[in-house]
Amino acid sequence: MSTGDPIVVTGMGVVSPLGIGVETNWRNLIRGQSGIVFNTRFDVRDFSCKIAGLVPSREDDRDGFDPLNYLESKDLKKTDLFIQYALAATQEALQQANWAPETEAEKQATATIIATGVGGFLSMMQAADTLKEKGPRRLSPFVVPSFLANLAAGQVSIRHGFKGPIGTPVTACAASLQALGDGMRLIRSGEAEIAVCGGSDACVHPVAIGGFAAARALSTGYNDRPAEASRPFDKGHDGFVLSEGAATIVIETLSHALGRGAKPVAQLSGYGTSADAYHVTAGSPDGAGARMAMQRALNMAKLGYAEIDYINAHSTSTPVGDAAEIAAIKAVFPERGKNLAVTSTKSATGHLLGAAGAVEAIYSVMALNEGIVPPSLNISEPEPDANCFDLAPNEAKKKTLNHVLTNGFGFGGVNASLVLSRLV
């Protein structure tokens, strides 16, 4: 296989607080709709943060998430919610890609790389409660395979018969971008011809909300106005909003896609990753690690800093994290000014942890193909350092886009950047 054979996207699927499916997500995103709501998953009276980005359920919305669309009822208690979301996103992506391998060779050529930040957190917490209240004999035999981090990838592989390489990056909020990077490497090395990549997380739970709040990472000032809480690049930002969901992207070489009659929708032209080696929860204030990841992605794509038209930033709405990313962007993209659009779609979705990168990669593909920069919601008084760029405040913006960069950074100092390019 020639390294000159571009790697392309042929299928996408998403489950997020903005809805079920790529088209629903994109429609709601560019309309400026927020998926952040009052947290009804548990009693939040004693919690400083009372909001979350929740995937709409069938009870909330007739088009909301119904696990029975993807699993038989007997399997629901055997699979954590993060696995259910991954199965749903993957089903949509495979349908778009029209990939259902039948021969042994096709199955062995399909890699499965589904990342997560936390894994089956809800199942772990439920098992701990059962153990404490009822004793070990009441634990389900399915509890371990429901919470293991690699079981989203495992269940996807089993469901669809994929027998190629399988993996699960567990690198916090950079995980699903690293899944895409891993998929690219597997294809380039010849270990796989097609890779089903993505991420899933579902941990809106008292321990997660309480723990992140204890670290002063969550927004607490907008409990009465949830839709206004996630506000990257605005002076009023006071922390991120914990969200849930999944996204899956099918990638393969252009020649492989055309050879089987698939329709490519974008090119993965560059990927870069790095470590801060700085702090457990905070990136370097000058964005040094983020800068390295972005530069490596540009180098792989063989693009100059003036050729990126839009950055879908990682920025989560934490003052420290947003400032560090802007510092990194300024270093890699000097003197671009308002010619460079920089927004964070987390302003609409909140932060999906390990699923965030893949969700935002899908939004970036849609932006390329539709020629629309998604808005930065809730910008009333932009941070001066960020306002040198085009933040597309509060409204989507038409713009010709040829190359888009998207970032994902996580606890432990992990950084990942991906360049997506429009097919011509």
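Residues numbered from 1 in each chain as written. Predicted model: local features only at pLDDT ≥ 70, side-chain atom pairs only at ≥ 80, totals over all residues. Heavy atoms only, no water.

Engineer: Please explain the overall build of the protein chain as it appears in this structure.
Structural biologist: Assigned secondary structure in the protein chain consists of 13 helices and 15 strands. Whereas a compact globule of 424 residues would reach a radius of gyration of roughly 22 Å, the protein chain reaches 20 Å, a difference of no more than 12%. With the principal axes as the frame, the protein chain shows a C-alpha extent of 65 × 55 × 40 Å. Taking all 424 residues of the protein chain together, 59% fall into the buried category. Within the protein chain, contacts between residues at least 6 apart in sequence are counted, and of these 79% link residues at least 24 apart. Carbon together with sulfur atoms contributes 52% to the accessible area of the protein chain, which is approximately 16,800 Å² in total. Charged side chains of the protein chain number 36 positive and 42 negative; the gap between the two group centres comes to 2 Å. (Helix = DSSP H or I, 4+ residues; strand = E, 2+ residues; numbered from the N terminus. Rg over C-alpha atoms; globule rule 2.2 N^0.38 Å. Buried < 20%, exposed > 50% of the residue type's maximum accessible area, 1.4 Å probe, protein only. Contact = heavy atoms within 4.5 Å. Areas by Shrake-Rupley, 256 points an atom, 1.4 Å probe, with all protein chains shown as cover. Lys, Arg positive; Asp, Glu negative; His and termini not counted. Charge placed at Lys NZ, Arg CZ, Asp CG, Glu CD.)

Engineer: Sorry if this is basic, but what is going on with the pairing of strand β5 (residues 110-115) here?
Structural biologist: Judged by how many residues are buried, β5 sits mostly within the fold: six of six residues are covered. What you see with β5 is no split at all: Thr110, Thr112 and Ile114 on one side and Ala111, Ile113 and Ala115 on the other are buried throughout. Bridge count for β5 against strand β7 (residues 194-201) is six bridges, and the pairing is parallel. Considered in β7, the bridge of Ile113 is made with Cys197. Pairing of β5 with strand β6 (residues 166-167) involves two bridges; the strand directions are parallel. What sits directly across from Thr112, in β6, is Ile166. (Pairing = 2+ DSSP bridges.)

Engineer: Would you take a moment to explain the pairing of strand β9 (residues 266-275) for this structure?
Structural biologist: Moving residue by residue along a regular strand, the side chains alternate between the two faces of the sheet. Burial analysis of β9 places seven of its ten residues in the buried class, which makes it a mostly covered element. Looking at chain direction, strand β1 (residues 7-16) and β9 are connected through three bridges and run antiparallel. In the strand pairing of β9, Ile7 is matched with Leu268. The pairing of β9 with strand β15 (residues 414-421) spans eight bridges and is classified as antiparallel. In the sheet register, Gly270 faces β15, and the bridge partner there is Val419.

Engineer: How should the side chain of Thr116 be read in this particular structure?
Structural biologist: Note that Thr116 resides in the loop between β5 and α4 (121-134). Only 2.9 Å separates the side chain of Thr116 from the backbone nitrogen of Gly119, close enough to count as a polar contact. Within the structure, Thr116 has its side chain in polar contact with the backbone oxygen of Ser200 (distance 2.8 Å). Among all residues touching Thr116, those that are not within four sequence positions of it are Phe82, Ala149, Thr168, Pro169, Val170, Thr171, Ala175, Ser200, Asp201 and Gly354. (Polar contact = N/O pair within 3.5 Å; in protein donor to acceptor, adjacent residues only side chain to side chain.)

Engineer: I would appreciate a short explanation of the environment of Ile194 in the present structure.
Structural biologist: Mapped onto the elements, Ile194 comes out in strand β7. By relative accessible area, which is 0% here, Ile194 ends up buried. As for Ile194 and Gln108, which are separated by 86 residues in sequence, their C-alpha atoms are 9.8 Å apart. When residues no more than four places from it in sequence are discounted, the contact partners of Ile194 are Trp99, Ala109, Thr110, Ala111, Ile187, Val250, Ile251, Glu252, His256 and Arg260.

Engineer: Looking at this model, I keep getting lost on the pattern of salt bridges. Mind explaining?
Structural biologist: Oppositely charged side chains can form a pair if their charged atoms are brought close together. Per the counting criterion, the structure on display carries 16 salt bridges. Linking Glu244 and Arg41 is a salt bridge whose minimum nitrogen-to-oxygen distance equals 2.6 Å. With Glu244 in the loop between α8 (206-214) and β8 (245-253) and Arg41 in the loop between β3 (36-38) and β4 (51-53), the pair connects residues that are 203 residues apart, well separated along the chain. Exposure remark for Glu244: the relative accessible area of 1% places this residue in the buried category. Close ionic contact of Asp75 with Lys74 constitutes a salt bridge, the shortest N to O distance being 3.5 Å. On the basis of relative accessible area, Lys74 is assigned to the exposed category, the value being 53%. Salt bridges sharing partners connect three or more residues here, namely Glu72, Lys74, Asp75 and Lys78. (Salt bridge = Lys/Arg side-chain N within 4 Å of Asp/Glu carboxyl O.)

Engineer: Sorry, what's going on with the packing of helix α7 (residues 175-189) against helix α13 (residues 356-370) here?
Structural biologist: Axis angle and axis distance: for two packed helices, these are the angle between their axes and the distance between the axes, and together they describe the pair. Their axes nearest at 5 Å, the elements α7 and α13 cross at an angle of 70°. Judged by the inter-axis angle, α7 sits roughly perpendicular to α13. Contacts between α7 and α13 involve Ser176, Leu177 and Leu180 from the former and Ala356, Gly357, Ala358 and Ala361 from the latter. Counted by class, the contact of α7 with α13 contains five nonpolar, two polar and no charged residues. (Axes fitted to C-alpha atoms, helices over the stretch in contact; angles between N-to-C directions. Parallel < 35°, antiparallel > 145°, perpendicular 65-115°, else oblique. Nonpolar A, V, L, I, M, F, W, Y, C, P; charged D, E, K, R; others polar.)

Engineer: Help me understand the state of the cysteines, please; the structure alone is not making it clear to me.
Structural biologist: Linking two cysteines covalently via their sulfur atoms produces the bond known as a disulfide. The tally for this structure, following the rule as stated, stands at zero disulfides. Cys173 forms no disulfide, and the closest cysteine sulfur to it belongs to Cys203, at a distance of 9.4 Å. Given the relative accessible area of 11%, Cys173 is considered buried. (Disulfide = S-S within 2.5 Å.)

Engineer: I tried to follow the packing of helix α2 (residues 81-97) against helix α6 (residues 151-160) on my own but got confused; where do I start?
Structural biologist: Axis separation between α2 and α6 bottoms out at 9 Å; the angle between their running directions is 45°. Overall, the two elements α2 and α6 adopt an arrangement that is oblique. The two elements α2 and α6 meet at a crossing, and its hand is right-handed. Between α2 and α6, the contacting residues are Phe82, Ile83, Ala86, Leu87, Thr90 and Leu94 on the first element and Leu151, Ala152, Gln155, Val156, Arg159 and His160 on the second. Its residues placed into classes, the contact of α2 with α6 shows eight nonpolar, three polar and one charged. (Left-handed = near helix turned anticlockwise from the far one by under 90°.)

Engineer: For this particular structure, what's the right way to read the environment of Gly21?
Structural biologist: Tracing the backbone through its elements, the reader meets Gly21 in the loop between β2 (19-20) and α1 (22-30). For Gly21, a relative accessible area of 10% translates into the label buried. Measuring from C-alpha to C-alpha, the distance between Gly21 and Glu92 comes to 7.2 Å, with 71 residues separating the pair along the chain. Gly21 has contacts with Val14 and Glu92, leaving out every residue within four places of it along the chain.

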